[in-house]
Amino acid sequence: MSNPAVSVSLAVACALMAGLAHAHDGAHTGGIQTQPSSAVKAPYDIVHSKISTEGNVAVFHMHVAGKAGALKPAKTGKLAGSAVFSYVWPTTIDPSAVGFEAKSGILAFAVTSHPDFDDTPLFPAPLGAWHSHWVVLSPDEACGKGALKVVDIPPGNKPKLPKTWPGLPILIDSPGWVPQFKGGTLEVRVPFDDIGVVNAANFDGVTAALKVNASVHSPLLCVVDVFKVAPGDLSLPGKVNQ
(Lines give C-alpha, C1' and ligand atoms only; values in the text may rest on other atoms or scores of the structure.)
Protein backbone atom coordinates (compact mmCIF):
# COMPACT_ATOMS: atom_id res chain seq x y z
CA MET A 1 0.00 0.00 0.00
CA SER A 2 1.45 3.38 -0.96
CA ASN A 3 2.32 5.96 1.67
CA PRO A 4 0.10 9.08 1.18
CA ALA A 5 2.81 11.37 2.56
CA VAL A 6 5.35 10.02 0.08
CA SER A 7 2.86 10.39 -2.79
CA VAL A 8 2.17 14.01 -1.85
CA SER A 9 5.91 14.73 -1.58
CA LEU A 10 6.53 13.21 -5.00
CA ALA A 11 3.67 15.20 -6.48
CA VAL A 12 5.04 18.44 -5.03
CA ALA A 13 8.55 17.63 -6.26
CA CYS A 14 7.27 16.91 -9.76
CA ALA A 15 5.28 20.13 -9.79
CA LEU A 16 8.34 22.13 -8.71
CA MET A 17 10.51 20.49 -11.36
CA ALA A 18 7.89 21.17 -14.01
CA GLY A 19 7.70 24.79 -12.89
CA LEU A 20 11.47 25.19 -13.03
CA ALA A 21 11.58 23.59 -16.47
CA HIS A 22 8.83 25.91 -17.66
CA ALA A 23 10.67 28.94 -16.26
CA HIS A 24 13.90 27.83 -17.96
CA ASP A 25 12.14 27.28 -21.28
CA GLY A 26 10.45 30.67 -20.91
CA ALA A 27 13.83 32.37 -20.60
CA HIS A 28 14.80 30.96 -23.99
CA THR A 29 11.62 31.58 -25.96
CA GLY A 30 11.35 34.17 -28.71
CA GLY A 31 14.38 35.96 -30.07
CA ILE A 32 16.61 34.10 -32.54
CA GLN A 33 16.79 30.32 -32.10
CA THR A 34 19.79 28.51 -33.59
CA GLN A 35 20.83 24.88 -33.88
CA PRO A 36 24.15 24.00 -32.18
CA SER A 37 27.13 23.40 -34.45
CA SER A 38 30.02 20.98 -33.90
CA ALA A 39 32.21 23.40 -35.91
CA VAL A 40 31.95 26.12 -33.22
CA LYS A 41 33.59 25.96 -29.80
CA ALA A 42 30.79 25.34 -27.29
CA PRO A 43 31.26 28.55 -25.19
CA TYR A 44 30.63 30.57 -28.39
CA ASP A 45 28.09 28.29 -30.09
CA ILE A 46 24.96 30.48 -29.95
CA VAL A 47 21.66 28.62 -29.61
CA HIS A 48 19.53 31.59 -28.53
CA SER A 49 19.89 35.36 -28.62
CA LYS A 50 17.31 37.88 -27.49
CA ILE A 51 16.74 41.48 -26.43
CA SER A 52 13.75 42.29 -24.25
CA THR A 53 12.75 45.31 -22.18
CA GLU A 54 11.50 45.72 -18.63
CA GLY A 55 10.43 49.29 -17.96
CA ASN A 56 13.37 51.47 -19.04
CA VAL A 57 15.86 48.55 -18.92
CA ALA A 58 16.99 46.54 -21.95
CA VAL A 59 17.95 42.93 -21.20
CA PHE A 60 20.57 41.51 -23.58
CA HIS A 61 20.38 37.71 -23.44
CA MET A 62 22.48 35.02 -25.09
CA HIS A 63 22.57 31.27 -24.52
CA VAL A 64 25.33 29.01 -25.87
CA ALA A 65 25.83 25.27 -26.17
CA GLY A 66 28.62 25.21 -23.58
CA LYS A 67 29.50 27.31 -20.55
CA ALA A 68 29.25 30.99 -21.43
CA GLY A 69 32.44 32.93 -20.75
CA ALA A 70 34.51 29.80 -20.11
CA LEU A 71 37.01 30.43 -22.92
CA LYS A 72 39.12 33.61 -22.99
CA PRO A 73 41.95 34.75 -25.28
CA ALA A 74 45.51 33.94 -24.30
CA LYS A 75 47.65 36.73 -22.84
CA THR A 76 50.38 37.98 -25.19
CA GLY A 77 51.92 40.64 -22.96
CA LYS A 78 51.56 43.45 -25.49
CA LEU A 79 48.79 45.53 -27.05
CA ALA A 80 49.81 45.19 -30.70
CA GLY A 81 48.32 42.03 -32.19
CA SER A 82 46.40 41.10 -29.04
CA ALA A 83 43.01 39.40 -29.20
CA VAL A 84 39.54 40.27 -27.92
CA PHE A 85 36.83 37.59 -27.53
CA SER A 86 33.28 38.86 -27.61
CA TYR A 87 29.55 38.20 -27.40
CA VAL A 88 27.85 40.83 -29.58
CA TRP A 89 24.33 42.11 -30.30
CA PRO A 90 24.47 44.28 -33.46
CA THR A 91 21.35 46.49 -33.60
CA THR A 92 19.46 48.96 -35.77
CA ILE A 93 19.57 51.54 -32.94
CA ASP A 94 21.14 54.79 -34.11
CA PRO A 95 24.50 55.42 -32.36
CA SER A 96 23.21 58.81 -31.19
CA ALA A 97 20.93 56.98 -28.73
CA VAL A 98 23.95 56.19 -26.54
CA GLY A 99 26.01 59.35 -27.14
CA PHE A 100 27.84 58.87 -30.46
CA GLU A 101 27.44 60.87 -33.66
CA ALA A 102 24.19 60.06 -35.49
CA LYS A 103 24.44 57.61 -38.40
CA SER A 104 28.10 56.89 -37.69
CA GLY A 105 27.81 53.11 -38.23
CA ILE A 106 26.22 49.96 -36.82
CA LEU A 107 25.64 50.26 -33.08
CA ALA A 108 26.38 47.02 -31.25
CA PHE A 109 26.36 46.03 -27.60
CA ALA A 110 29.27 43.75 -26.72
CA VAL A 111 30.57 41.75 -23.78
CA THR A 112 34.32 41.27 -24.14
CA SER A 113 37.43 39.79 -22.55
CA HIS A 114 41.01 40.79 -23.38
CA PRO A 115 43.96 40.23 -21.00
CA ASP A 116 46.45 42.63 -22.61
CA PHE A 117 44.93 46.10 -22.21
CA ASP A 118 42.49 48.09 -20.08
CA ASP A 119 39.60 49.94 -21.74
CA THR A 120 37.43 50.46 -18.65
CA PRO A 121 39.31 53.24 -16.80
CA LEU A 122 36.21 54.46 -14.95
CA PHE A 123 35.32 50.96 -13.74
CA PRO A 124 38.55 49.21 -12.67
CA ALA A 125 38.57 45.43 -13.08
CA PRO A 126 41.25 42.75 -13.45
CA LEU A 127 42.69 42.45 -16.95
CA GLY A 128 40.78 39.77 -18.82
CA ALA A 129 37.59 40.13 -16.77
CA TRP A 130 34.38 40.13 -18.80
CA HIS A 131 32.91 43.61 -19.22
CA SER A 132 30.51 45.51 -21.48
CA HIS A 133 30.85 48.06 -24.30
CA TRP A 134 28.91 49.94 -26.87
CA VAL A 135 30.82 49.94 -30.16
CA VAL A 136 30.12 51.45 -33.57
CA LEU A 137 31.04 49.10 -36.43
CA SER A 138 31.61 49.66 -40.14
CA PRO A 139 33.07 47.64 -43.04
CA ASP A 140 36.77 48.09 -43.84
CA GLU A 141 38.62 46.04 -46.44
CA ALA A 142 41.86 46.72 -44.51
CA CYS A 143 40.53 44.22 -41.96
CA GLY A 144 39.88 41.61 -44.65
CA LYS A 145 37.34 41.07 -47.42
CA GLY A 146 33.88 41.91 -46.11
CA ALA A 147 35.21 42.39 -42.57
CA LEU A 148 34.06 44.90 -39.97
CA LYS A 149 36.04 47.17 -37.68
CA VAL A 150 35.30 49.40 -34.72
CA VAL A 151 35.14 52.86 -36.33
CA ASP A 152 38.38 54.81 -35.92
CA ILE A 153 38.64 58.46 -34.82
CA PRO A 154 41.14 60.14 -37.18
CA PRO A 155 43.76 62.41 -35.58
CA GLY A 156 42.34 65.88 -35.01
CA ASN A 157 38.71 64.77 -35.26
CA LYS A 158 36.44 65.44 -32.31
CA PRO A 159 33.23 63.50 -32.84
CA LYS A 160 30.40 63.40 -30.33
CA LEU A 161 31.22 60.73 -27.72
CA PRO A 162 29.53 59.23 -24.64
CA LYS A 163 30.57 60.50 -21.22
CA THR A 164 32.08 57.07 -20.42
CA TRP A 165 34.24 56.93 -23.58
CA PRO A 166 37.53 55.30 -22.41
CA GLY A 167 39.88 57.55 -24.37
CA LEU A 168 40.80 55.16 -27.21
CA PRO A 169 40.82 56.60 -30.77
CA ILE A 170 37.78 54.51 -31.77
CA LEU A 171 34.00 54.74 -31.34
CA ILE A 172 33.71 52.69 -28.15
CA ASP A 173 31.97 53.29 -24.83
CA SER A 174 32.71 51.61 -21.49
CA PRO A 175 29.48 52.17 -19.53
CA GLY A 176 30.20 49.70 -16.72
CA TRP A 177 27.08 47.52 -17.04
CA VAL A 178 28.06 44.20 -15.46
CA PRO A 179 27.49 40.97 -17.43
CA GLN A 180 25.99 38.03 -15.54
CA PHE A 181 27.04 34.48 -16.47
CA LYS A 182 25.16 31.38 -15.36
CA GLY A 183 25.80 28.06 -17.07
CA GLY A 184 25.22 28.58 -20.77
CA THR A 185 23.51 31.93 -20.30
CA LEU A 186 24.86 35.48 -20.46
CA GLU A 187 22.68 38.48 -19.60
CA VAL A 188 23.30 42.19 -19.20
CA ARG A 189 20.75 44.74 -17.99
CA VAL A 190 21.18 48.18 -19.56
CA PRO A 191 19.07 51.23 -18.56
CA PHE A 192 17.95 53.74 -21.21
CA ASP A 193 16.59 57.26 -20.96
CA ASP A 194 14.37 56.51 -23.97
CA ILE A 195 13.50 52.81 -24.03
CA GLY A 196 11.39 53.43 -27.14
CA VAL A 197 14.50 53.34 -29.34
CA VAL A 198 15.16 49.80 -28.08
CA ASN A 199 11.56 48.62 -28.41
CA ALA A 200 11.60 49.64 -32.08
CA ALA A 201 14.93 47.96 -32.88
CA ASN A 202 16.04 44.85 -34.72
CA PHE A 203 19.12 42.91 -33.67
CA ASP A 204 21.35 39.92 -34.27
CA GLY A 205 23.51 37.65 -32.12
CA VAL A 206 27.20 37.15 -32.91
CA THR A 207 30.24 35.63 -31.23
CA ALA A 208 33.60 36.75 -32.59
CA ALA A 209 37.27 37.48 -32.05
CA LEU A 210 38.68 40.93 -32.71
CA LYS A 211 42.33 41.84 -33.05
CA VAL A 212 44.34 44.97 -32.33
CA ASN A 213 46.28 46.03 -35.42
CA ALA A 214 49.96 45.04 -35.23
CA SER A 215 50.89 48.69 -35.84
CA VAL A 216 48.31 49.89 -33.26
CA HIS A 217 47.08 52.19 -36.00
CA SER A 218 44.01 52.72 -38.16
CA PRO A 219 42.15 50.43 -38.35
CA LEU A 220 42.86 49.90 -34.66
CA LEU A 221 40.43 47.07 -33.90
CA CYS A 222 39.26 44.61 -36.56
CA VAL A 223 36.77 41.73 -36.42
CA VAL A 224 39.04 38.94 -37.64
CA ASP A 225 37.21 35.71 -36.75
CA VAL A 226 33.44 35.34 -36.58
CA PHE A 227 32.72 32.25 -34.49
CA LYS A 228 28.98 32.26 -35.18
CA VAL A 229 26.21 34.53 -36.46
CA ALA A 230 22.93 33.39 -34.93
CA PRO A 231 20.78 33.37 -38.11
CA GLY A 232 23.67 32.47 -40.43
CA ASP A 233 24.06 35.95 -41.92
CA LEU A 234 24.17 39.43 -40.46
CA SER A 235 20.60 40.34 -41.48
CA LEU A 236 19.44 41.55 -38.03
CA PRO A 237 16.21 39.51 -38.09
CA GLY A 238 15.57 39.64 -34.34
CA LYS A 239 12.83 41.95 -33.04
CA VAL A 240 12.96 43.27 -29.49
CA ASN A 241 10.34 41.70 -27.19
CA GLN A 242 9.46 39.04 -29.78
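Scroll up a little and you will see the structure.
Residues numbered from 1 in each chain as written. Predicted model: local features only at pLDDT ≥ 70, side-chain atom pairs only at ≥ 80, totals over all residues. Heavy atoms only, no water.

Caption draft 1: Expanded view of the sheet that holds strand 9 (residues 180-182). The antiparallel open sheet is built from five strands, whose spatial order is 1-2-3-10-9. Both outer strands of the open sheet, strand 1 (32-33) and strand 9, are each paired with one neighbouring strand and no more. In this structure, strand 9 lies alongside strand 10 (residues 185-191), joined through three bridges in antiparallel fashion. Bridge assignment links K182 to a residue of strand 10, and that residue is T185. (Pairing = 2+ DSSP bridges. Helix = DSSP H or I, 4+ residues; strand = E, 2+ residues; numbered from the N terminus.)

Caption draft 2: Focus on the packing of aromatic side chains. One pass over the full model with this rule turns up 13 aromatic pairs. Taken together, a centroid distance of 5.6 Å and an interplanar angle of 90° make the contact between F85 and F227 edge-to-face. You can see F85 sitting in strand 4 (residues 83-90) and its partner F227 sitting in strand 13 (residues 221-229), a full 142 residues away along the chain. Judged by its relative accessible area of 15%, F85 falls in the buried class. By relative accessible area, F227 is classed as partly exposed at 22%. Seen in terms of ring centroids, Y87 and F181 are 6.4 Å apart; in terms of plane orientation they differ by 65°. Their pairing is edge-to-face. (Phe/Tyr/Trp six-rings, centres within 6.5 Å; stacked < 30°, edge-to-face > 60°. Buried < 20%, exposed > 50% of the residue type's maximum accessible area, 1.4 Å probe, protein only.)

Caption draft 3: Structural view of the environment of Q242. Here Q242 is to be found in the segment after strand 14 (238-239). On the basis of relative accessibility, which here comes to 54%, the residue Q242 falls in the exposed class. Beyond its immediate sequence surroundings of up to four residues, Q242 is in contact with G30 and G31. (Contact = heavy atoms within 4.5 Å.)

Caption draft 4: Quick peek at the pairing of strand 10. Note: strand 3 (residues 57-64) against strand 10, seven bridges, orientation antiparallel. Its bridge partner lying in strand 10, V57 is registered against P191. Between the end of strand 9 and the start of strand 10, which pair antiparallel, lie two residues, with G183 showing a positive phi angle near 60°.

Caption draft 5: Layout of empty space enclosed by the protein. As enumerated under the stated definition, the model contains one cavity of 30 Å³ or more in all. Space inside the largest cavity adds up to approximately 70 Å³. As for the largest cavity, its lining consists of H114, F117, D118, D119, T120, A125, P126, L127, G128, A129 and H131. Its residues assigned to classes, the lining of the largest cavity shows five nonpolar, four polar and two charged. (1 Å grid on protein atoms, 1.4 Å probe; cavity = no way out; pocket = protein on both sides within 12 Å on 5 of 7 lines; lining within 4 Å. Points joined across faces, edges and corners; volume = space filled by probe spheres on them. Nonpolar A, V, L, I, M, F, W, Y, C, P; charged D, E, K, R; others polar.)

Caption draft 6: Region of the structure containing the pairing of strand 5 (residues 106-113). For strand 5, a buried count of seven out of eight residues is recorded, marking the element as mostly surrounded by other parts of the structure. As defined by bridge partners, strand 4 adjoins strand 5 across six bridges and the pair is classed as antiparallel. Considered in strand 5, the bridge of W89 is made with F109.

Caption draft 7: The arrangement of the environment of P155 in detail. Along the chain, P155 falls in the loop between strand 7 (148-150) and strand 8 (172-173). Each C-alpha atom, one on P155 and one on P169, is 8.1 Å from the other, the two residues being 14 residues apart in sequence.

Caption draft 8: Up close: unusual backbone geometry. For the bond running from S218 to P219, omega is -10°, close enough to zero to count as cis. Of note, P219 is situated in the loop between strand 12 (206-212) and strand 13. In this structure, K103 is a non-glycine residue whose phi angle is positive, near 55°. Residue position: K103 is located in the loop between strand 4 and strand 5.

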